[in-house]
Amino acid sequence: MADRTTQGSIQGGAGDGGVDGIRTFPFPVELSVGGVGMQVGPMGAGRTWHADAPLERVHRIDFHVVMLFDGDPVRHMVDFAEYEATAGDLLWIRPGQVHRFAPSEYRGTVLTMQPGFLPRATVEATGLYRYDLPPLLRPSGPQLAGLKAGLAQLQREYEDTATLPLSLHTAVLRHTLTAFLLRLAHLAASAADAGRRTESTFTLFRDAVEKGFATNHSVSAYADALGYSRRTLVRAVRAATGETPKGFIDKRVVLEAKRLLAHTDLPIGRVGAAVGFPDAANFSKFFQQHTELTPAAFRAELR
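What counts and what doesn't
Residues numbered from 1 in each chain as written. Predicted model: local features only at pLDDT ≥ 70, side-chain atom pairs only at ≥ 80, totals over all residues. Heavy atoms only, no water. Salt bridge = Lys/Arg side-chain N within 4 Å of Asp/Glu carboxyl O. Helix = DSSP H or I, 4+ residues; strand = E, 2+ residues; numbered from the N terminus. Buried < 20%, exposed > 50% of the residue type's maximum accessible area, 1.4 Å probe, protein only. Phe/Tyr/Trp six-rings, centres within 6.5 Å; stacked < 30°, edge-to-face > 60°. Lys NZ or Arg CZ within 6 Å of the ring centre and 35° of its normal.

As a further point, take the pattern of salt bridges. Under the definition given, this model contains 14 salt bridges. E124 is paired through a salt bridge with R120; the nearest N and O atoms lie 3.2 Å apart. With E124 and R120 both in helix α1 (residues 120-126), this residue pair falls 4 residues apart, about one helical turn. Of the charged contacts, one joins D132 and R130 as a salt bridge, the two residues approaching to 2.8 Å between their closest N and O atoms. The exposure class of D132 is partly exposed, given its relative accessible area of 30%.

One pass over the structure, following the stated rule, counts 12 aromatic pairs. Relative to Y106, the ring of F69 has its centre 6.0 Å away and its plane inclined at 50°; by these criteria the two rings are tilted. With a gap of 37 residues between them, F69 in strand β5 (residues 64-69) and Y106 in the loop between β9 (98-100) and β10 (108-113) connect regions that are remote in the sequence. You'll find F69 and Y106 in the same group, each marked buried. Ring plane angle 45° and centroid distance 6.4 Å describe the contact between Y129 and Y131, whose orientation is recorded as tilted. When its relative accessible area of 37% is taken as the criterion, Y131 is described as partly exposed. Grouping aromatic residues by their ring pairs yields a cluster made of F80, F277, F283, F286, F287 and F298. The ring of W92 carries the charged tip of R94 above its face, separated from the ring centre by 3.8 Å. Its end group placed over the ring of F117, R174 keeps NZ or CZ at 4.8 Å from the ring centre.

By themselves these figures say nothing about function.
In structure tokens, the structure reads:
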């Protein structure tokens, strides 16, 4: 897996932070028009999150990014999966996800949004933290037209700082952004389950795994904690994802291990301990079973 690519074609901002040594870039409020918690504008040469942002390497951001493409195909890595976006596609990257830019020139419009800019009810209605939804979205013709119109209106409101006082300007931005995100969320949900409703049982399981995967890998333990039989849990998870509960848990553990191996210099034994494997040999065996690479080999491919 190559990681030495370059890209300087995305709107962004300044600053960086870190969790466990992972390079994380915060939302640049100071670069927003009027200091509001969002930005929207064209993607183009010379735009970056920050002058020091390592866009050629995997990194995290702590804000939402939605890119609507209108140029040549671009390959973009999100959480160690490669996605090819073409004209008319959207890529939605959520806070905490790792990603990496391709050397291609990115063309289109980019929206960035700070967590907390929208009220809680809107966050829930638009599924802003549905990490199970696919990052790459391919709208139909009518869907794309609606999304383009909504994004264009949002950009006009964002750039118009003379018509309204700042408080009203911000309120209008929130409402316009909500309308766009409701369209986007509907598209994302439809793409994820092709019209099926996600089982509430699976939703509870997914949230429990997200909180406990670092210490709990037991399907029975999750079933007991949630008050379901193991069989009920298996049915719900398989209906929502096509996977077994064990496969879902293992996939989340592997993802976190990959993030730590890629972003930190922690010894492999400590990476294993961080994802629930006190014994380094057991962690290496588990990781190799799921990736066909040892942890050391996976890290070497990224360095």
